[in-house]
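# What the coordinates show
Each chain, written out:
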Amino acid sequence: MKDDARRRWTLLAVSAAQLLVVLDGTIVNIALPSAQRALEMSDASRQWAITAYALAFGGLLLIGGRVSSALGHRRTFIIGLLGFAAASALGGAAISPEMLFGARALQGVFAAALAPAGLSLLTITFTEPRERGRAFGVFAAVGAAGSAIGLIAGGLLTEYVGWRWCLYINVPLALLAVLGAALVARDRPGRKTKRLDAPGALLSTAGFVAVVYAFNEAASFGWGSGKVLALLAAGALLLAVFVTMELRTPHPLLPMRILLHRARGGAFLAITLMFVAMFGFYLFMSYYTQTILGYSPVEAGLTLIINALATLLASTLIAGRLHGRASPAVLILPGLLAAAAGIFLLTRLTPQTTEVFGLYLLPALLLTGLGLGLVMPPTASLATADIDRQDIGAASAAYNAGQQLGAALGTALFNTLAATAAATYLTAHPHAAASAGAVHGYTTALTTATAILLAATLLTAPLILTRREQRHRSAIEKRPLTGTPSVNDMSPRHEQRKTSDG
């Protein structure tokens, strides 16, 4: 097969896999109310249908990249697709909440191998700068459209076929991607792959699981309970030990120089906090539109599509055109503020509010979509700019991990805050309708999401508002894609100087 044909098949297969990974982050949002009724989930546990996937995916991304290098990217890619299809079939056949949660976690495990393997295949297949830019542009567009497709598909499948098909649909899509992957050029496993940092992988995953589980249990036991405090303390301790070990081990899972770089740290912080707030917002939209406004799953999906389209347009028509022409801060900081303004608008809702869609939901969806579209492209660029080639994979995995873990924490935190605030309100107002308590819970959680985005703006600004980092970023983007590191790369001999002077 000719090289051009192989490159096209590679792009198609990897884009299909990216669609699967992104689609599953949103399609279950629409199906969740129906799945909750069918499997008799409790309100406190329902978010695990989303959290289990995001947590396993984000927590294992770093080790997934290392496994891909050891086994070979094409082989890992195919294994990830087949495993993802099997886990999806298992979730669709779930007969209990625990079975569904387990299948969603298994989906996340295989997605953690699939995502870095796909990015690696694109990297080694497209080496000429112009075609590389086009390939990654298609890849990013599919990722942006994936959330929109998930919202529409979730509504249509839930209403006309059943919520289980929101999981079954992954099986034929994954198998088609496997057929495409069979035509992708073979790559050789790394002969000099560094040994696996198993303690680092276990510590990081266990730490994040403990923290998210603490948020979940707070809905039932309260923030001051011994169980919740013990989980939070255990999670913080595990993550602290993880950082300490990564600083000392000769082959770390996540080299700390990646996170200690000033502008890159700002990018990680911005995207993680953005996803914490936005996934709380998505959970609110799914439940508020269906349980309070009485929307059908299809109507809820079509409502959320406004946000996805606004994100797509902002990332391509604004962020894409300003790429390389304006500082990342010019996009990131207004994006965070736009999303904060959109979420804050919804905190004004009451059970008596009229004209909800036109006056509240529509502007909120547009503003949050605009914000997300402005933040994602420049943070992705900063996350991998001015870095040594050997660390690009770890930086990309860390960026994706930040998104997934932010989504997991945001969903758990929002669900906990909303449930706790609603219960407190109904206790204080025993004659109030249940819908009044639900709306109060939602607006309380949305207020917290607004504060998180404002804090993200304040914390990120001093990290990315530096002329030095902008010069470094521009120099890296103009450098030809060769195997020779630039003088601006973060090689070990420059690491200490670059970390200290930002």
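Note that the coordinates shown come from a computational prediction; the quantities given were computed from them, not determined experimentally. Per chain, residues are indexed from 1 in the order of the written sequence. Under the rules for a predicted model, residues below a pLDDT of 70 receive no local features and side-chain atom pairs below 80 are neither given nor counted, while totals for whole chains, interfaces and linings still include all residues. Water and hydrogen atoms play no part in the side-chain values, which are based on all heavy atoms of the structure.

As a further point, take the overall build of the protein chain. Segments assigned H or I by DSSP are reported as helices when at least four residues long, segments assigned E as strands when at least two residues long, and all are numbered from the N terminus. Each helix and strand in the protein chain was counted, giving 19 helices and 0 strands. Under the scheme applied here, a residue whose accessible area is under 20% of the maximum for its type counts as buried, over 50% as exposed, and between as partly exposed, the area being computed with a 1.4 Å probe on protein chains only. Split into buried and exposed, the 502 residues of the protein chain put 55% on the buried side. Restricting to contacts in the protein chain with at least 6 residues of sequence separation, those with at least 24 account for 82%. Put simply, the protein chain shows about 21100 Å² of open surface, and 66% of that area lies on carbon and sulfur atoms. Here, two residues are considered to be in contact whenever any of their heavy atoms come within 4.5 Å of each other. Exposure was quantified through the Shrake-Rupley algorithm and a 1.4 Å probe, taking into account, for residues, occlusion by the shown protein chains and nothing else.

It is worth spelling out the nonpolar core at this point. If you look at the biggest cluster of nonpolar residues, it comprises 102 residues, and the most contacted ones within it are Phe-284 and Leu-346. Take the buried residues of types Ala, Val, Leu, Ile, Met, Phe, Trp, Tyr and Cys, join any two whose side-chain atoms come within 4.5 Å, and each joined set is a nonpolar core. Of all hydrophobic cores here, the second largest spans 28 residues; its members include Leu-11, Ala-13, Ala-117 and Phe-126.

The distinction between a cavity and a pocket rests on a 1 Å grid over the protein atoms alone: a 1.4 Å probe fits inside a cavity but cannot get out, while a pocket stays open yet meets protein on both sides within 12 Å along at least five of seven lines, and a residue with an atom within 4 Å of a point counts as lining. Grid points are joined across faces, edges and corners, and a volume is the space filled by probe spheres set on the points. Tallied over the entire structure, the rule returns 6 cavities of 30 Å³ or more. Taken as a whole, the largest cavity holds about 60 Å³ of empty space. In terms of lining residues, the largest cavity is bounded by Val-276, Ala-277, Gly-280, Gly-410, Leu-413, Phe-414, Leu-417, Ala-445, Thr-448, Ala-449 and Ile-452. For the lining of the largest cavity, the secondary-structure elements that each account for two or more residues are α12 (262-292), α16 (392-428) and α17 (434-464). As a working rule, the residues Ala, Val, Leu, Ile, Met, Phe, Trp, Tyr, Cys and Pro are called nonpolar, Asp, Glu, Lys and Arg charged, and the rest polar, with Gly in that last group. A per-class count over the lining of the largest cavity returns 8 nonpolar, 3 polar and no charged.

Residues other than glycine seldom take positive phi values, yet Glu-40 does so here, at roughly 55°. Relative to the helices and strands, Glu-40 resides in the loop between α2 (27-39) and α3 (48-71). Residue Glu-40 is classed as exposed on the basis of its relative accessible area of 71%.

Relative to the helices and strands, Tyr-425 resides in helix α16. Owing to a relative accessible area of 23%, Tyr-425 belongs among the partly exposed residues under this scheme.

Turning our attention to the packing of aromatic side chains. Planes of paired rings set the category: under 30 degrees apart is stacked, over 60 is edge-to-face and the rest tilted, where pairs are Phe, Tyr or Trp rings (Trp by its six-membered ring) whose centres lie within 6.5 Å. As enumerated under the stated definition, the model contains 9 aromatic pairs in all. Residues Phe-279 and Tyr-282 carry aromatic rings whose centres are separated by 5.4 Å and whose planes lie at 80° to one another, so their mutual orientation is edge-to-face. Of this pair, Phe-279 and Tyr-282 are both found in helix α12, 3 residues apart, which corresponds to roughly one turn of the helix. For the pair Phe-279 and Tyr-282, one class covers both residues: buried. Ring plane angle 80° and centroid distance 6.4 Å describe the contact between Tyr-288 and Tyr-442, whose orientation is recorded as edge-to-face. With Tyr-288 in helix α12 and Tyr-442 in helix α17, this pair connects stretches of sequence that are 154 residues apart. Taken as a pair, Tyr-288 and Tyr-442 share a single burial class, namely buried. Two conditions define a charge located above a ring, namely a distance within 6 Å from the ring centre to NZ of Lys or CZ of Arg, and an angle within 35 degrees of the ring normal. In this structure, Arg-46 is placed above the aromatic ring of Tyr-287, and the distance from its NZ or CZ to the ring centre is 4.0 Å.

Helix span, expected: 1.5 Å multiplied by one less than the number of residues in the helix. An ideal rise of 1.5 Å per residue puts 18 Å on 13 residues; α2 measures up with 18 Å between its terminal C-alpha atoms. Each residue is assigned a bend, namely the angle between axes fitted to the seven residues that terminate at it and the seven residues that start at it. The largest bend in α2 comes to about 45°, at Pro-33. Across the 13 residues of α2, 11 count as buried, placing the element largely inside the fold. All of the buried residues in α2 are Ile-27, Val-28, Asn-29, Ile-30, Ala-31, Leu-32, Pro-33, Ser-34, Ala-35, Gln-36 and Leu-39. Among the residues trailing α2, Glu-40 stands out with phi positive, at a value near 55°.

All right, on to the layout of surface pockets then. The calculated volume of the second largest pocket comes to roughly 610 Å³. Around the second largest pocket, the lining is made up of 23 residues, and of these Phe-208, Leu-254, Leu-259, Gly-402 and Leu-405 lie nearest the centre. Within the residue set of the lining of the second largest pocket, elements represented by two or more residues are α3, α9 (198-221), α10 (226-248), α11 (256-260), α12 and α16. With 6 residues, α16 is the largest single contributor of residues to the lining of the second largest pocket. Among the residues making up the lining of the second largest pocket, the classes are represented as 16 nonpolar, 7 polar and no charged.

Right, let's get into the pattern of salt bridges. We define a salt bridge as a contact between a side-chain nitrogen of Lys or Arg and a carboxyl oxygen of Asp or Glu at a distance within 4 Å. Evaluation of the coordinates by the stated rule reveals 1 salt bridge. Among the salt bridges present, the one from Asp-24 reaches Arg-104, with a minimum N-O distance of 3.1 Å. One end of the pair, Asp-24, is in the loop between α1 (3-23) and α2; the other, Arg-104, is in helix α5 (residues 97-125), and 80 residues separate them in sequence. Take Asp-24 and Arg-104: they sit in the same class, and that class is buried.

None of this, on its own, says anything about what the molecule does.
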